[in-house]
Amino acid sequence: MKKWVWVYIAGFIALTGADFASTILGIAAGASEFNHTLATSGGDLKIAQFLLLNAAMLAFTSFMLIWAWRNRLRINTEYISRPERAMFNWIYLNPFSERNVPKSAFHYLALAPGMLLIKIVVSFNNSLISFGQPDFLTPVASAIFTFIQGPLAYWTLICVLFLPIWWLSLRLAAAFVRASSKSVEQLPVPLA
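Residues numbered from 1 in each chain as written. Predicted model: local features only at pLDDT ≥ 70, side-chain atom pairs only at ≥ 80, totals over all residues. Heavy atoms only, no water.

**Here we look at the layout of surface pockets**
Summary: where empty space remains is shown by rolling a probe the size of a single water molecule over the atoms. Operational definition: A pocket, in this scheme, is an open set of points on a 1 Å grid over the protein atoms alone with protein on both sides within 12 Å along at least 5 of 7 lines, while a cavity is a set where a 1.4 Å probe fits but cannot get out; residues line either one if an atom lies within 4 Å of a point. Grid points are joined across faces, edges and corners, and a volume is the space filled by probe spheres set on the points. Strands here mean DSSP runs of E at least two residues long; helices mean DSSP runs of H or I at least four residues long; both are numbered from the N terminus. Gly counts as polar in this scheme, as do all residues outside two lists: the nonpolar Ala, Val, Leu, Ile, Met, Phe, Trp, Tyr, Cys and Pro, and the charged Asp, Glu, Lys and Arg.
Considering only enclosed or pocket space, the largest pocket measures out at about 1400 Å³ in volume. Residue lining of the largest pocket: 46 residues in total, with Asn 35, Ile 118, Val 122, Tyr 154 and Ile 158 positioned closest to the centre. Looking at which element gives the most residues to the lining of the largest pocket, the answer is helix α4 (residues 101–130), with 10 residues. Looking at the lining of the largest pocket residue by residue, the class counts come to 29 nonpolar, 13 polar and four charged. Approximately 290 Å³ is the volume attributed to the second largest pocket. Along its surface, the second largest pocket is lined by 12 residues, and Trp 4, Leu 109, Ala 112, Pro 113 and Phe 176 are the ones closest to its centre.

Here is the structure:
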């Protein structure tokens, strides 16, 4: 597992760099930062805040990935065979409680690939903007803005973007747990 945590950390850092560079290039091409917590009043990116937020996300998700991996044998087997059943039951206050670990460990295993996939989508979208090409998130954001304004519009877009990514992340986490349990089963059993 140690190597997968390092792969995740390296991927997160690389994709944060891609997100940062593509955001700066997109702003230079005339776009403005859409995330209200990271945007200046002029639509530029608050760089220090961007870096701090991503450092905090990396620390939290890495810690939770390690914790979830250590608790993978406690994951409800129903989620491993049918990961979509874990899609909407992620609201709980304490992921570490005995009652929640069978689902929270699975959710936090899925969070790592989810973070990477979101960063890929955002970086790709920002790159399209920076090269003057039509992107796919601006029309969705514009449609949301016809009904909702302000920070709620941003969080609505995040939900629209996150749901298919979350579905895919749960499937990836289930496949990873299945593959790891098969490799454990194939280890030779020492004779007493």
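Further notes follow.
**Some remarks on the confidence of the model for the protein chain**
So the rule is basically this: Confidence scores here are pLDDT values: one per residue, from the predictor, ranging 0 to 100. The contact criterion used throughout is that any non-hydrogen atoms of two residues lie within 4.5 Å.
Averaged over all residues, the pLDDT of the protein chain equals 90, while 94% of them reach at least 70. The least confident element of the protein chain, judged by mean pLDDT, is helix α6 (residues 151–185) at 87; the most confident is helix α2 (residues 47–70) at 96. Confidence over residues 184–192 falls short of pLDDT 50; this stretch has one contact with residues more than four positions distant or in other chains.

**A few points about the packing of aromatic side chains**
Heads up, the rule is: Any two rings among Phe, Tyr and Trp, with Trp reduced to its six-membered ring, count as a pair given centres within 6.5 Å; such a pair is stacked if its planes are under 30 degrees apart, edge-to-face if over 60, and tilted if neither. For the exposure calls, accessible area comes from a 1.4 Å probe over protein chains only, and a residue counts as buried if that area is under 20% of its type's maximum, exposed if over 50%, partly exposed in between. When the NZ atom of lysine or the CZ atom of arginine is within 6 Å of a ring's centre and also within 35 degrees of its normal, the charge is said to sit over that ring.
Under the criterion given, the structure shown has 11 aromatic pairs. Ring geometry for Trp 67 against Tyr 108: centres 6.4 Å apart, planes inclined by 80 degrees, an arrangement best described as edge-to-face. Taken as a pair, Trp 67 in helix α2 and Tyr 108 in helix α4 lie far apart in primary sequence, 41 residues in all. Of the two residues, Trp 67 and Tyr 108, both sit in the buried class. Cluster of aromatic residues (ring-pair linked, three or more members): Phe 60, Trp 67, Phe 96 and Tyr 108. Here the guanidinium or amino end of Arg 72 rests over the ring plane of Trp 69, the centre of that ring lying 3.8 Å away. Cation over ring: Lys 119 sits above Phe 12, and NZ or CZ is 4.7 Å from the ring centre.

**Regarding the nonpolar core**
Note on soluble globular proteins: their nonpolar side chains tend to be buried together. For the record, the criterion: We call a set of buried Ala, Val, Leu, Ile, Met, Phe, Trp, Tyr and Cys residues a nonpolar core when their side-chain atoms join them within 4.5 Å.
Membership of the largest hydrophobic core comes to 32 residues, with the highest contact counts inside it found for Tyr 8, Trp 67, Ile 75, Phe 106, Tyr 108, Leu 109 and Leu 170. Of all the secondary-structure elements, those providing two or more residues to this core are α1 (2–28), α2, α3 (77–81), α4 and α6. Per element, the largest residue contribution to this core is 10 residues, and it comes from α4. Phe 106 has contacts with Ile 75, Tyr 79, Ile 80, Pro 83, Ala 86, Leu 170, Ala 173 and Ala 174, leaving out every residue within four places of it along the chain. Core analysis: the next-biggest nonpolar cluster, separate from the first, contains eight residues, Ile 118, Ala 141, Leu 161 and Ile 165 among them.

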